[in-house]
Amino acid sequence: PVAPGLFAANASGSGAPAAIVIRVLANGAQIYEPAAVFDPTANRFVPRQIDLGGETEQVFLVLFGTGWRSRSNLANVSARVGGVATEVLYAGLQGDFVGLDQVNLKLPRSLAGRGLVEVVLFADGYSSNAVQINVK
């Protein structure tokens, strides 16, 4: 019932994720940003640089995929970004598209300056494919 798979922007299963970044400012305002941009020279999507911002900002990565909606409970879902354990706030149905799952991660400030890093999701002991983000 559980086989997590993260979607990639290039539909290849790796590289830039099919994801969005949500930046929450100190005043509560939310800014939505793409996690990938199209590079016409390479003719593919590449990870967009994610700025973790100032100390008062929070940055969340919202990834899309499949295979974790039937997880036993949220406590059995974890993620690693650049090898760093990352807080999973939600993992379940996306809500608007049938069959689409969503996971919301809070990006830790310790990732600042790391550049390209891999993101892997774990659910009920099973791991997903790795996608990449670019952290400024």
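Shown above is the structure to which this text applies.
Computed from a predicted model, the values in this text were never measured in an experiment.

(A) Molecular detail of the pairing of strand β3 (residues 30–34). Pairing between strand β2 (residues 19–24) and β3: 5 bridges, direction antiparallel. Residue pairing across strands places I22 opposite Y32, the latter belonging to β3.

(B) Layout of the environment of A19. Mapped onto the elements, A19 comes out in strand β2. For A19, a relative accessible area of 12% gives the class buried.

(C) Geometry of the side chain of S128. You can see S128 is positioned in the loop between β12 (126–127) and β13 (131–135). Excluding anything up to four places from it in sequence, S128 contacts P4, G5, L6, V120 and L121.

(D) Region of the structure containing the packing of aromatic side chains. Tallying each qualifying case throughout the model produces 1 aromatic pair. Both rings, one in F38 and one in F45, keep their centres 5.4 Å apart while their planes meet at 75°; by these two values the pair is edge-to-face.

Cut-offs and rules
Residues numbered from 1 in each chain as written. Predicted model: local features only at pLDDT ≥ 70, side-chain atom pairs only at ≥ 80, totals over all residues. Heavy atoms only, no water. Pairing = 2+ DSSP bridges. Helix = DSSP H or I, 4+ residues; strand = E, 2+ residues; numbered from the N terminus. Buried < 20%, exposed > 50% of the residue type's maximum accessible area, 1.4 Å probe, protein only. Contact = heavy atoms within 4.5 Å. Phe/Tyr/Trp six-rings, centres within 6.5 Å; stacked < 30°, edge-to-face > 60°.

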